[in-house]
Structure formats: structure tokens, C-alpha cells
Amino acid sequence: MCDRNMILAALYLGLVKLTFTKKDGTIRTLTATQEPMRIPFHKQPKTTIVQESVQSGTACPVFDVDLQEWRSFCWDQLLKAETSGGVVLYEKDEMPCVN
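Below you will find a few notes about this structure.

Conventions adopted
Residues numbered from 1 in each chain as written. Predicted model: local features only at pLDDT ≥ 70, side-chain atom pairs only at ≥ 80, totals over all residues. Heavy atoms only, no water. Helix = DSSP H or I, 4+ residues; strand = E, 2+ residues; numbered from the N terminus. Buried < 20%, exposed > 50% of the residue type's maximum accessible area, 1.4 Å probe, protein only. Contact = heavy atoms within 4.5 Å. Areas by Shrake-Rupley, 256 points an atom, 1.4 Å probe, with all protein chains shown as cover. Arc of directions from axis to C-beta. Polar contact = N/O pair within 3.5 Å; in protein donor to acceptor, adjacent residues only side chain to side chain. Salt bridge = Lys/Arg side-chain N within 4 Å of Asp/Glu carboxyl O. Pairing = 2+ DSSP bridges.

Quick notes on the overall build of the protein
Point 1. Looking only at helices and strands, one finds two helices and six strands in the protein.
Point 2. For the protein, the succession of helices and strands along the chain, N to C, is α-β-β-α-β-β-β-β.
Point 3. Counting all 99 residues of the protein, 35% fall into the buried class.
Point 4. The contacts of the protein with a sequence gap of at least 6 include a subset with a gap of at least 24, amounting to 50%.
Point 5. By element, 54% of the accessible surface of the protein is carried by carbon and sulfur atoms, the whole surface being about 5900 Å².

Brief notes about unusual backbone geometry
Point 1. For glutamine 68, which is not glycine, the phi torsion reads 60 degrees and is therefore positive.
Point 2. Note on placement: glutamine 68 falls in the loop between strand 3 (59-64) and strand 4 (69-74).
Point 3. Overall, glutamine 68 belongs to the partly exposed group, its relative accessible area being 30%.

Concerning the environment of valine 65
Point 1. Mapped onto the elements, valine 65 comes out in the loop between strand 3 and strand 4.
Point 2. On a C-alpha basis, the gap between valine 65 and glutamine 34 in space is 9.9 Å, while along the polypeptide they are 31 residues apart.
Point 3. Filtering out sequence-adjacent residues up to four positions away, valine 65 remains in contact with Leu15, Thr31 and Thr33.

Focus on helix 1 (residues 4-13)
Point 1. All of the buried residues in helix 1 are Arg4, Ile7, Leu8, Ala10 and Leu11. Burial along helix 1 is one-sided: seen end-on, the buried residues are contained in an arc of 160 degrees. Exposed side of helix 1, more than 90 degrees from the buried face: Asn5 and Leu13 are the residues found there.
Point 2. By the N-cap criterion, in which a side-chain oxygen at the helix start approaches the backbone nitrogen of a residue two or three places on, helix 1 is capped by aspartate 3, the distance to asparagine 5 being 3.1 Å.

Some words on the pattern of salt bridges
Point 1. If you walk through the whole model with that rule in mind, you get four salt bridges.
Point 2. A salt bridge links glutamate 35 to arginine 38; its shortest N-O distance comes to 2.6 Å.
Point 3. When its relative accessible area of 17% is taken as the criterion, glutamate 35 is described as buried.
Point 4. We note a salt bridge from glutamate 82 to lysine 80, for which the minimum N-O separation is 3.6 Å.
Point 5. On the accessibility criterion, lysine 80 (25% relative accessible area) is partly exposed.

Remarks on the pairing of strand 1 (residues 16-21)
Point 1. For strand 1, a buried count of five out of six residues is recorded, marking the element as mostly surrounded by other parts of the structure.
Point 2. Strand direction decides the pairing type here: strand 1 and strand 2 (residues 27-33), joined by six bridges, are antiparallel. When the bridges of strand 2 are listed, threonine 19 appears paired with threonine 29.
Point 3. In sequence, strand 1 turns back onto strand 2 through a hairpin of five residues, with glycine 25 there showing a positive phi of about 95 degrees.

What follows is the structure in C-alpha cells.
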């Protein structure tokens, strides 16, 4: 089962490769972070992003380090989460990513 808090912690501490299904049905992979030092100053969020993503329950905002833009994914559409060091935090089986 997916542990959102573990993925959120990894995002806050560094880079995570995320693979998920977009709303249009296509599969997307991106390298994401919520680590403030990796996000340009002019693109820093005004609020604590981790708190918002936990409270919202459905979507998680992340900074795409390749495109240098904010994106979000739906937790229940997450297929895989892997750290930059190759540690697989989650890989979809039969259980959706929930609290």
C-alpha cells in the first residue's frame, strides 16, 4: 500500500521520479520535488505545500525540475514513485495510493 507521508517526505528532501496517469488517460513521468532549495526563488510557494497536499487529500502539487514549473498529480492515479537513488517508494499493484 502507498504511504503518502513517505512520498511527501522524499519530495521535501530531494528528487522523486513520479509516474502517473493524467486526467486525459496518458501516462506521464516527471522528476519532481518540494525541496525549497531546488525551487527557484521566484517560483517558491507562498504557503507550505506539504500541508496543503496532505489536507486536500486528492491532489499533490510538485515542482517539475526539468520543466521548471509546478504540476500536480492525483494520488489515486499514481503508478510509481522512485527516489533519485533508485529506491522504489511505491509501485501500483491493486491498492490505490490513499492515506
